[in-house]
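Coordinates in review
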Amino acid sequence: DSICERMLTRVATSAGPNVQAFHALAKEYSLKSFAYEGGVDMQQYAVGYDAKYAAQYDPRMGQAVEGYLDHYYAGGGDAMFYFVLTCKYSKFGYWGLTEDIDDLAAPKYQAAVRVSEMLNAKK
């Protein structure tokens, strides 16, 4: 619970002054604003492996990813290159939207799909 709550709190401020300044600078020069290797990361939390692993499959983690991407695009971002689509969780972290390419029901993956669909609907 504490991991998910911290992620949701952190995501609420993910489009802070540095991100906004980056988007504004790109706009000033008529450039697109891209982010490379974006995504949420839990490695900074000093909790055990089991808690981090379980958090990846909590629906709130999907809410965190959705909020993160929503803030990025609402703040002026043009494209977000998420760090990795899929990867296995290890002691070094877990950055994928899903742990298995055949598991498209993972909360983080579903969140990215929802944001993508919303962006496409606006076109």
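Residues numbered from 1 in each chain as written. Predicted model: local features only at pLDDT ≥ 70, side-chain atom pairs only at ≥ 80, totals over all residues. Heavy atoms only, no water.

With respect to the overall build of the chain
Basically, it comes down to this: Put simply, DSSP marks the helices as runs of H or I at least four residues long and the strands as runs of E at least two long, and each gets a number from the N terminus on. Based on C-alpha atoms, the radius of gyration is set beside the globule rule, defined as 2.2 Å times the residue count to the power 0.38. With a 1.4 Å probe rolled over the protein chains alone, any residue whose accessible area is under 20% of its type maximum counts as buried; one over 50% counts as exposed, and the rest are partly exposed. Any pair of residues with heavy atoms lying within 4.5 Å of one another is described as a contacting pair.
On a plain count of helices and strands, the chain comes out with five helices and four strands. Ordered by position from N to C terminus, the α and β elements of the chain give α-α-β-α-α-β-β-β-α. For the chain, the C-alpha radius of gyration of 15 Å lies close to 14 Å, the compact-globule estimate for 123 residues. Principal-axis analysis of the C-alpha atoms gives the chain an extent of 45 × 30 × 20 Å. Counting the 123 residues in the chain, one finds 37% classified as buried. Put simply, of all contacts in the chain between residues at least 6 apart along the chain, 67% involve residues at least 24 apart.

Focus on the nonpolar core
Using the following cut-off: The nonpolar core is taken to be a set of buried Ala, Val, Leu, Ile, Met, Phe, Trp, Tyr and Cys residues, with the residues joined through side-chain atoms within 4.5 Å.
If you look at the biggest cluster of nonpolar residues, it comprises 21 residues, and the most contacted ones within it are Met7, Val40, Met61, Val65, Leu69 and Met80. Of all elements in the fold, only α1 (2-11), α4 (59-74), β2 (79-82) and α5 (107-122) reach the threshold of two or more residues within this core. The biggest single contributor to this core is α4, with seven residues. Not counting residues within four places of it along the chain, the set of residues in contact with valine 40 comprises Met7, Val11, Met61, Val65, Tyr68, Tyr82, Trp95 and Lys108.

Comments concerning the pattern of salt bridges
A side chain with one charge can pair with a side chain of the opposite charge if their charged atoms come near. Put simply, the rule is: For this analysis, a salt bridge means a side-chain nitrogen from Lys or Arg found within 4 Å of a carboxyl oxygen belonging to Asp or Glu.
On inspection of all chains with the given rule, the structure shows four salt bridges. A salt bridge links arginine 60 to aspartate 1, with the nearest nitrogen and oxygen atoms 2.6 Å apart. Highlighted residues: arginine 60 in helix α4 and aspartate 1 in the segment before α1, separated in sequence by 59 residues. Measuring nitrogen to oxygen at the nearest pair gives 2.7 Å for the salt bridge that ties arginine 114 to glutamate 66. Taken together, the positions of arginine 114 in helix α5 and glutamate 66 in helix α4 put the pair 48 residues apart, joining distant regions of the chain. Under the relative-accessibility criterion, glutamate 66 is labelled partly exposed at 21%.

What to know about the packing of α1 against α4
Note the threshold: The convention used is that axes are lines fitted to C-alpha atoms, helices contributing only their stretch in contact, and that angles between N-to-C directions extend from 0 to 180 degrees. Each angle is binned into one of four classes, with values under 35 degrees roughly parallel, values over 145 roughly antiparallel, values of 65 to 115 roughly perpendicular, and all other values oblique. As a working rule, the residues Ala, Val, Leu, Ile, Met, Phe, Trp, Tyr, Cys and Pro are called nonpolar, Asp, Glu, Lys and Arg charged, and the rest polar, with Gly in that last group.
Here α1 crosses α4 at 10°, and the two axes come no closer than 9 Å. Considered as vectors, α1 and α4 are oriented roughly parallel to each other. Mapping the contact onto sequence places Ile3, Cys4, Glu5, Met7, Leu8 and Val11 in α1 and Arg60, Met61, Gln63, Ala64, Gly67, Tyr68 and His71 in α4. Its residues placed into classes, the contact of α1 with α4 shows eight nonpolar, three polar and two charged.

Considerations on the packing of aromatic side chains
Note the following rule: For Phe, Tyr and Trp, rings pair up if their centres lie within 6.5 Å, where Trp contributes its six-membered ring, and each pair is then called stacked (planes under 30 degrees apart), edge-to-face (over 60) or tilted (otherwise).
Using the criterion set out here, one finds four aromatic pairs in the structure. Aromatic pair tyrosine 72 and tyrosine 73: ring centres 5.2 Å apart, planes at 80°, arrangement edge-to-face. Note on accessibility: tyrosine 72 and tyrosine 73 belong to one class, buried.

Some points on α1
Short version of the rule: Arc, as used here, means the arc of the directions from the helix axis to the C-beta atoms.
Ile3, Cys4, Met7 and Val11 are the residues of α1 that are buried. On an axial view of α1, the arc spanned by its buried residues comes to 95°, and they lie on one face. Here the buried face of α1 lies against α3 (49-56) and α4.

As for the side chain of histidine 23
Note on placement: histidine 23 falls in helix α2 (residues 17-28). By relative accessible area, which is 6% here, histidine 23 ends up buried.

Geometry only, nothing functional implied.
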